[in-house]
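Here's the letter readout for the chains.
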Amino acid sequence: MDTVTSDRKAVSAAARPLGIGLALAALATVVWSGSFVTSRALHDTVPPVQHAFWRWIIAIAAVAPFAARETWRQRALLRRHLRFLLLASLLGVTIYNTLVNQAGMTTTAGNMGMIMAASPVLMAVYERAGGTRLGARRVTGMLVACAGVLLLVSKGSLAMDFAVGDLWVIAGALSFGSYSALLKRKPAEIGGLPFLFSTFVLGALMLLPVFAVSYAVQGGFEPTAGTVSPLLYVGVVSSAIAFFAWNKAVSIIGAARAGVVYYLQPVCVALLSFALLGEAMGWLQVLCMGLILGGVILGSAAGGRAPRDRDRA
């Protein structure tokens, strides 16, 4: 009886951080779904590079009151790991969102959300290459969710007809998948807020020369409610809050399992389009959402057992 009780307690203790990690990954995914809508909404008023640059300036201002003091205390540690921070900033801040904004010029928010759902495949490949055993249930869940995404993108025909913007999003998915896998190697001694703040600052600095060129060639944009409000959303909510939640989720449950939750993104984008834009939702969308949700449930539940196996992420 004591053995059974202790096993149950071990399973319960293992499930708690799993649940927290999944909830944080889901929060980031839902919030980021809205950022695809804003990228599309601003495509004809704010140049893509300027959109990205001001997003990170706003994010820096939002995080600074909470992170600046701790970042200053860890400045020597951050300098020691500067190459890692530069790579993380380049992939997750400078490149990823700029590519998504560029994609919004020529493709829909729905396509962006659906294609970005391919990034968990790359996360899982990186984890497997690093020696992590993903497990049959998680791989099966990933494949089921991926099938739902492919059906949704191809409108049931499995004939891939990509626009130029779709190709930009594919490049963005590769960048984000690489960033998420890189988080696994974040030095444990660097705090979450100093890491977030320093990558935001470094990413914005790397964007600054391109921003200057964009401003000189394309000019600025008019700061109205229609431009400032979306920028505040992506700067505060999609950047400061969502990136903190995602980074924490990856540190708790690993990039591969968090990536399975990321498959929810096309579902969230479709629901937002239906609720905010009045776009129709047919039987194919419902079927694909069922596949994606089923795959997420199957893949995220896998591995949530007592810490007895060595193949947990």
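Residues numbered from 1 in each chain as written. Predicted model: local features only at pLDDT ≥ 70, side-chain atom pairs only at ≥ 80, totals over all residues. Heavy atoms only, no water.

Caption draft 1: Seen up close, the overall build of the chain. Helix and strand content of the chain: 13 helices and zero strands. Reading the chain from its N end, one meets helices and strands in the order α-α-α-α-α-α-α-α-α-α-α-α-α. Working note: accessible area of the chain is about 14700 Å², and carbon and sulfur atoms make up 67% of it. (Helix = DSSP H or I, 4+ residues; strand = E, 2+ residues; numbered from the N terminus. Areas by Shrake-Rupley, 256 points an atom, 1.4 Å probe, with all protein chains shown as cover.)

Caption draft 2: A look at the nonpolar core. One finds F36, F176, F200 and W246 to be the most contacted residues of the largest nonpolar core, which totals 59 residues. When residues no more than four places from it in sequence are discounted, the contact partners of F176 are W32, Y96, M116, S119, M123, W246 and Y262. Membership of the second largest hydrophobic core comes to 10 residues, among which are A124, A145, A256 and I292. (Core = buried A, V, L, I, M, F, W, Y, C linked by side-chain atoms within 4.5 Å. Buried < 20%, exposed > 50% of the residue type's maximum accessible area, 1.4 Å probe, protein only. Contact = heavy atoms within 4.5 Å.)

Caption draft 3: Quick peek at the packing of aromatic side chains. According to the stated counting rule, one finds 15 aromatic pairs in the structure shown. Their ring planes at 75 degrees and their centres at 5.5 Å tell us that W56 and F243 sit as a pair that is edge-to-face. With W56 in helix α2 (residues 48-73) and F243 in helix α10 (residues 225-253), the pair connects residues that are 187 residues apart, well separated along the chain. Between F84 and F195 the ring centres are 6.1 Å apart and the planes differ by 35 degrees, which places this aromatic pair in the tilted class. Note that F84 is positioned in helix α4 (residues 82-103) and F195 in helix α9 (residues 192-218), a separation of 111 residues in sequence. (Phe/Tyr/Trp six-rings, centres within 6.5 Å; stacked < 30°, edge-to-face > 60°.)

Caption draft 4: Fine view of the environment of P48. Checked against the element boundaries, P48 lands in helix α2. In sequence terms P48 and S214 are 166 residues apart; their C-alpha atoms lie 8.9 Å from each other. Residues contacting P48, with those up to four places away along its chain left out, are N101, Q102 and M105.

Caption draft 5: Seen up close, the packing of α10 against helix α11 (residues 255-262). Remark: α10 packs on α11, axes separated minimally by 7 Å, with the N-to-C direction vectors making an angle of 130 degrees. Taken as axis vectors, α10 and α11 run oblique relative to one another. Touching W246, V250 and I253 of α10 are A255, R257, A258, G259 and Y262, all from α11. Looking at the contact of α10 with α11, its residues break down into six nonpolar, one polar and one charged. (Axes fitted to C-alpha atoms, helices over the stretch in contact; angles between N-to-C directions. Parallel < 35°, antiparallel > 145°, perpendicular 65-115°, else oblique. Nonpolar A, V, L, I, M, F, W, Y, C, P; charged D, E, K, R; others polar.)

Caption draft 6: Quick peek at the confidence of the model for the chain. Averaged over all residues, the pLDDT of the chain is 80; the fraction at 70 or higher stands at 81%. Taken element by element, the chain is modelled with least confidence in helix α12 (residues 265-277), mean pLDDT 71, and with most confidence in helix α3 (residues 75-80), mean pLDDT 96. Scored below 50 in pLDDT, residues 303-313 shows 20 contacts in the model against residues more than four places distant or in partner chains. (pLDDT = per-residue confidence, 0-100.)

Caption draft 7: Spatial organisation of the side chain of S89. Structurally, S89 is set in helix α4. Exposure remark for S89: the relative accessible area of 0% places this residue in the buried category.

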